[in-house]
Structure formats: C-alpha cells, structure tokens
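Close look at the chain arrangement
Listed below are the residues making up each chain.
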2 protein chains.
Amino acid sequence: MTQDASGPRPVATLEMVAALAGVSRATVSRVVNGLPSVDPKLAQSVKKAILALDYTPNRAARSLAKRRANTVTLIVPESTSKVFADPFFASVVEGIARYLTDTDYTLNMVISSESKPEKTRSFLLGGNVDGVLVVSHHSGDHSWTHLSGSLPMVFAGRPLVGGKESYYVEVDNEQAAYNATRQLIDSGRKHVATIAGPQDMPPGIDRLAGWRTAVQEAGLGEALVETGDFTQVSGTRAMQSLLDRGDPLDAVFAGNDQMAAGAYTAIQGRGLRIPEDIAVVGFDDDSFATSVTPALTTVHHPIIELGGKMAETLVNLIEGIPTDRVTVLPTSLVIRDSV
Amino acid sequence: MTQDASGPRPVATLEMVAALAGVSRATVSRVVNGLPSVDPKLAQSVKKAILALDYTPNRAARSLAKRRANTVTLIVPESTSKVFADPFFASVVEGIARYLTDTDYTLNMVISSESKPEKTRSFLLGGNVDGVLVVSHHSGDHSWTHLSGSLPMVFAGRPLVGGKESYYVEVDNEQAAYNATRQLIDSGRKHVATIAGPQDMPPGIDRLAGWRTAVQEAGLGEALVETGDFTQVSGTRAMQSLLDRGDPLDAVFAGNDQMAAGAYTAIQGRGLRIPEDIAVVGFDDDSFATSVTPALTTVHHPIIELGGKMAETLVNLIEGIPTDRVTVLPTSLVIRDSV
DNA sequence: TTGTAGGCGTTATCAC
DNA sequence: GTGATAACGCCTACAA
C-alpha cells in the first residue's frame, strides 16, 4: 500500500480548472461541452488546465443541472433468469455496451424482481434513467410496455402486443426460417419437420410460419411439428416425439440452436446419423452451433449488431433525433456439416 | 398514445413531499433515510405523502450531496471481447446484478477500450464510481490493478500478480482439479492426460497443478500435457496433438468445459468412443457440459454465487465494513456420462 | 466572447 | 425532535 493517510486524492472540480486557467467557470463549462463561442486562446489554456488537473466532470452534478441522467437501463426480467444462460443475451449486451462506450450514456442493468416490481418502476420513473432497453423475448417483457408512454423504450425483437407503437430491432425471422427450410428442401429432403419455439413468443411464431410457408410451397406435409421452449432439453424431447411418430423424416429445422443441439442428442441417441439420415438446421448461430458434432448449419443472427442498433435507436429517441421505429437486420445462412 | 402534450409527467421532489406533509425538507430526508429521531406521527404523514406523490429520491442530487456515486462499475477489457461468448461471464454478471438489486448501488458496465484507456481511467477516478469489479481472467486485467490504491476493487479469481493486497473471490481450482483427476484414476484409468489452460492465467496454472499432483500421487506419467487457450477449437487441437503422440491414453482432464467440448470433436472424429475408449472430465459445469453428447462429467463452478460474493465484498469495502480479502467458494464434481 | 448569479434536489450542520 | 441554511459541482439565462 502506497496510499497516504489523506484518503482518496481529491478530485478536481470545474472551479479549480477555472482558477488555474484564470477564467470563469462558465468559460470552462463551455469548452468542456464544446460550445463554439470561445476564444481559441482561452480554450487552449483551459484545456491545459484540465489536463494538468486531470479533471473529469462530475456526472451527478451534471445530471442534476441538466435534469438528465445520462443513463440507459437494461431491464432483465427475473422470470427470465434463463436469459443469462442464453448466449443471445450476452451478445446483445455486448453490442449495447460497445455502442454506448462512445456516447455520454452509461449502461446500467437491473434485474426486475417480480416480488417488488414497484421498486423497479419507481426507479425507472424517478428521473434516474433516460431510457430503457428490454432484451428478453419472453412475454414477461410486456409488463413494461406501458411505460413506453413515459420513457423512451426500445425492445429486442417485435413485442407480442403493442407492436404498432413500440420501437424495436429485429431480424426477419419468418423470411430467415423460410430460407433455412428451403435449403433443406432444395438439397433433396422430402420429409422436413420442425421444432418450433413457444407460440406465445414472436420468434417462435414467426420462425414456424417461415417453415410452414416453405413446406407448403414445396407441397410437403405440414404435420411434422413439435414445440419446445428454446432450451436444449426441450429440443431433445421434441425430437424424440417426432421420431416416435414413426413417420418418415429426413430433415428438421429447429427454432434455435439450443434446441437443435438437443435434437442431436435424440437423433444420435437412436443411432441415426447427421446429416446422412437426418439433416438439421438451426437458428441463431450461437456457441451451440459450433460446439456440436457435426457442426450445425444455421441462420446467422447478427446479435451484437442488434444490441448496437437498439442502443443507437434509444439514444436517438432520447435526444429527439428522428429514428426508424422498426429496424430489421439482415440474416444469412451459414452452411456447416449438418445438412 | 395516451400521452398528453405536457411531456413526461413531472417527478415529485422532496420539497413537494415536505409541503404536502406540512414538515420541513429536513424531516422528509430523515424519514426517507430511516433516521431514528423522528416523531412517529410525523413519519406517518410523511410516508403517506411519499406514497401519494409516488416520490423517488433523485439519485444525482443525492450523489452530489453525499459525494458518493452509489455506483459500482464492471470493467470488461476490450481485448477480452471473448468474455461475452464465455458462459462464465454472463453468470458472473447475473450474480453481481442479483446481489446489487437489494442494495442502493447501481451496476454499470464499461468496455475499457484499449485505444483510449485514459477515458476509462478518468471516468473511474473522476468520482463517478464507488468501486470496481473486474471479471476477466486474462492478464489484461492487471492494467487496472494499480487503481486499487485509489478505489475499492474486487477481482474474479486470483490475480496473477499483486495477489497479496487484492480482494478477490475464487474457487480452489487446484483442489478441484485434483479431485476431478482422482475421479478418473479411481475409476481405473491408467493414462490420464490433461488439456491445460494458458499458463499465464491463474486458473490455467492451478488446474494443471491439481492434475499433476493427482497423477504423481498415483504414480502415473506426467508427460501427457497439452495447452489450450480455453476456447473450444484450442481443445480440439490439443486433443489431436495428444492422440498423435501415439502413447496410450484412456482419460483426459480438460481445463474447462469448452476445451472438453473441443476434445470431443477430436476424439469422436477418430472414431473413438467416450467414455469407453477415453474418459473426459471438464471444469466449470457451464452450458457446454450438457450440450455435448455424452453429457460431460465436470467440476461445478458456482459462478453466480461468485458474482454475488464479489459484489458483496465490494459493497462492504466501500462502506467500510470489515471483509475477508479472499473468499474461496466450494466446488463439487458433477458425474454425468463421460467417465 | 466572457462573466455573474441563480438553481438543479439532497444532505448535513447548526441553532432552536 | 425539528427546521433553517449552506453546501455539493455543474449548467445556463442574462448581463456586460
């Protein structure tokens, strides 16, 4: 410990900078905030003083004066503690954090405990937050939708309800699912099943719809559908049900990579080969896609970009800059070894 | 939109509460902060007013007055953008966020861009943060160690250097690795290899040491060592090297689950069976452990608890509450199907 | 272009 | 026990 007894070294204030530079606080404030009307000479000496004192503006004081928190909050519904196990979540957060790094906004995360939602609510509405980001896909999200009248809010993915007014960023799940299924069909598969996600969640709904369109178009049957909850075990269970039907089956489109990985277990557990006996395509292109053997062919979901775009949209909203209400990011099919 | 043209509804201030309750601001402040010396009667009417006005204290004003930010920052080294792909990271964050939810501290994340470390530094030292949490295992962390004299700081895992003064939370990697290896030996394996993590990172070093102790004790060879970087592909590469040696080999202890998953690819790629031909044990018990087939036997790493304990330690440090400098969390071996 | 002065919402130090 | 009153560090009319 080389720390002296005087405690943490005092932090320089704007006033100290002003004194050192021989100008008024107002002038310092102006150069700090990059206002144009400042004599270049003075600006220089102020900058020198700032450097000399290692001055950093005090966020609290600034927020108080401007009546803006310079903070955006990421809400994580507690019910969805699963999200943390979901690679999707981490990547969205990465994208958000990365974008905000270059702005004056700070990211803060709250787990909205369902036991005391009031606490979260008053935190958000208490003027401590300039905007809100909601990441989970789950229906739980919508408990916050009503705040969007009072506070700028951006969602990851189309909200199940209220979509006409909400700001959100997503990929075209339906189109992407259609393309993925087409890949299966075009490579000659005749009996294409799907493991769909929850039908009360937009990605679950839309991806199923895309599959349906593709099989209809190809004149294939639409009966081979089982539903999971986006977890790996649910994928295994769904695949087993599919196989238990005894109907011919040579391909499956899973609603996400985790369920696809689960399907692998069921398929390989019965001694069937991927892709020889059954081809598999997933969705998301997350870590599961490359951790399984054979590597999974899947829809690439640009998740980091999605997070970044969410943050960008929110900041624009906060600052009154016109922004698209809906942003749809492009996807692509990543061909690996499972088809 | 049911929002009227008056903009966001005005937020109640302490002063408004005081007016409504017919007391001074000082009294309201005392009630809000739970100070004892307040007439119960008055306290009641104040509480009623607070409820009526849906009052929430303004964080900025409070921070300014108390000269405390009530903010804890999680630093994510940019070099380590991998951390986001690492299930470990998400769980630590979950633990931290969960703990902080019940405190007055707010979590905020910064990606410390290496291009402009000064920005991060002055943000941290500018009085905008009460304490710092550092999550990555990587050596990059230590670029922040020097701040620990000026700002409370808690690490995830033993720092490579400066460990004598730092506060950190970890598991006993060496003991856990020893136990895992013993499991292999006790079940009759005679040629136990290891895929070690980077030898410039404490978990890499300590887990290798645990393996070494166990094989020495059992009189087995210590030559079967390859090193990876904790990624899946490095696990595959290391396992291939091991197999290429041509030496007898019937078990492998991997430094983490991702490398174990990578090893699976190499093993199964050569037509060898797990666990019949080669038994595999991993470390961390993350999502990779259950996504592979057969399910991986591994050391359970209590990551969420680790995050929680980090946050708890930091808050204690900030508030001057005596705390253990080092916390070691218990691990356990989770037996699945790979041994 | 620059400085003066008042205020942002709370807490803390005093008297009462 | 309670209430004035002065900070806390910064921004922003407004005046000069």
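The model shown is predicted, which means the values in this text are computed figures rather than measured ones.

Some words on the overall build of chain A
Counting its regular elements, chain A contains 12 helices and 12 strands. For 339 residues, the compact-globule formula gives about 20 Å, and the C-alpha radius of gyration of chain A, at 26 Å, lies well above that figure. Judged by the C-alpha coordinates and their principal axes, chain A covers about 85 × 45 × 40 Å. If you take every contact in chain A between residues at least 6 apart in sequence, the share linking residues at least 24 apart comes to 72%. In the form shown here, chain A has an accessible surface area of approximately 14,200 Å², with 52% of it arising from carbon and sulfur atoms. For chain A, the centre of its 30 positive side-chain charges and the centre of its 38 negative side-chain charges are spaced 9 Å apart.

Notes on the protein's contact with DNA strand C
Close to DNA strand C lie 27 residues; T27, R30 and D39 of chain A together with L14 and S29 of chain B are nearest. Sugar plus phosphate: this is where 63% of the atoms of DNA strand C within 4 Å of the protein reside. Contact distances for DNA strand C include 3.5 Å between a base nitrogen and a backbone N or O atom of A61 of chain B. Take R62 of chain B: an N or O atom from its side chain is 2.8 Å from a phosphate oxygen of DNA strand C. Elements supplying a minimum of two residues to the surface near DNA strand C: α2 (25–32) and α4 (59–66) of chain A together with α2 (25–32) and α4 (59–66) of chain B. Looking at the surface near DNA strand C residue by residue, the class counts come to 12 nonpolar, 8 polar and 7 charged.

Observations regarding the interface of chain B and chain A
Contact residues are listed per partner, giving 51 residues for chain B and 51 residues for chain A. Both sides of the chain B and chain A interface together cover about 4,400 Å² of buried area, and 52% of this is carbon and sulfur. D54 of chain A serves as the salt-bridge partner of R121 of chain B, at 2.7 Å between the closest nitrogen and oxygen. Of the residues forming the side of chain B that touches chain A, the biggest block, 6 residues, is contributed by helix α5 (residues 87–101) of chain B. Here the side of chain B that touches chain A is built from residues that sort into 18 nonpolar, 22 polar and 11 charged.

What to know about the protein's contact with DNA strand D
Neighbouring DNA strand D are 27 residues; L14 and Y55 of chain A together with R25, T27 and D39 of chain B lie closest to it. Sugar and phosphate atoms constitute 63% of the interface atoms of DNA strand D, taking the interface as everything within 4 Å of the protein. Interatomic distance of 2.9 Å between a side-chain N/O atom of S29 of chain A and a phosphate oxygen of DNA strand D. Going through the elements one at a time, α2 and α4 of chain A together with α2 and α4 of chain B are the ones with two or more residues in the surface near DNA strand D. Taken together, the residues that form the surface near DNA strand D break down as 12 nonpolar, 7 polar and 8 charged.

Re the sheet that holds strand β7 (residues 225–227) of chain A
Residue and element names in this part refer to chain A. Pairing is mixed across the open sheet formed by 6 strands, whose spatial order is β7-β6-β8-β9-β10-β12. Here the strands that pair on one side only, and so sit at the sheet edges, are β7 and β12 (332–334). With strand direction ignored, the average angle separating the axes of adjacent strands in the sheet is 20 degrees. The pairing of strand β10 (residues 297–300) with β12 spans 3 bridges and is classified as antiparallel. For T298, the partnering residue across the bridge sits in β12 and is V334. On top of the sheet, helix α9 (residues 232–244) reaches β6 (192–196), β7 and β8 (251–254); it is set at about 145 degrees to β6, its chief contact. Strands β6, β8, β9 (279–284) and β10 of the sheet are contacted by helix α10 (residues 257–269), whose axis makes an angle of about 155 degrees with β9.

Some remarks on the domain arrangement of chain A
All names here are of chain A. We note that the domain assignment places domain 1 (14–57), domain 2 (71–169 + 303–329) and domain 3 (173–302) within chain A. Using only C-alpha atoms to locate each centre, domain 2 and domain 3 end up separated by 29 Å. Between domain 2 and domain 3, the contact holds 15 residues from the first and 15 residues from the second. Between domain 2 and domain 3, roughly 1,200 Å² of surface is buried when both sides are summed, and carbon and sulfur atoms account for 61% of that area. At the junction of domain 2 and domain 3, the tally comes to 1 salt bridge. A salt bridge links D206 to R158, with the shortest nitrogen-to-oxygen separation between them at 2.9 Å. Taken together, the connections running from domain 2 to domain 3 amount to 4 residue pairs in polar contact (both at pLDDT 80 or more). Only α5 (87–101) and α12 (303–318) provide two or more residues apiece to the side of domain 2 that touches domain 3. The greatest single-element share of the side of domain 2 that touches domain 3, amounting to 4 residues, is contributed by α12. A breakdown of the residues in the side of domain 2 that touches domain 3 according to their chemical character gives 8 nonpolar, 3 polar and 4 charged.

Thresholds applied
- Residues numbered from 1 in each chain as written.
- Chains lettered and ligands numbered in written order.
- Predicted model: local features only at pLDDT ≥ 70, side-chain atom pairs only at ≥ 80, totals over all residues.
- Heavy atoms only, no water.
- Helix = DSSP H or I, 4+ residues; strand = E, 2+ residues; numbered from the N terminus.
- Rg over C-alpha atoms; globule rule 2.2 N^0.38 Å.
- Contact = heavy atoms within 4.5 Å.
- Areas by Shrake-Rupley, 256 points an atom, 1.4 Å probe, with all protein chains shown as cover.
- Lys, Arg positive; Asp, Glu negative; His and termini not counted.
- Charge placed at Lys NZ, Arg CZ, Asp CG, Glu CD.
- Near = heavy atom within 4 Å.
- Polar contact = N/O pair within 3.5 Å; in protein donor to acceptor, adjacent residues only side chain to side chain.
- Nonpolar A, V, L, I, M, F, W, Y, C, P; charged D, E, K, R; others polar.
- Buried area = accessible area lost by both parts, 1.4 Å probe.
- Salt bridge = Lys/Arg side-chain N within 4 Å of Asp/Glu carboxyl O.
- Pairing = 2+ DSSP bridges.
- Axes fitted to C-alpha atoms, helices over the stretch in contact; angles between N-to-C directions.
- Domains from an automatic or database assignment.

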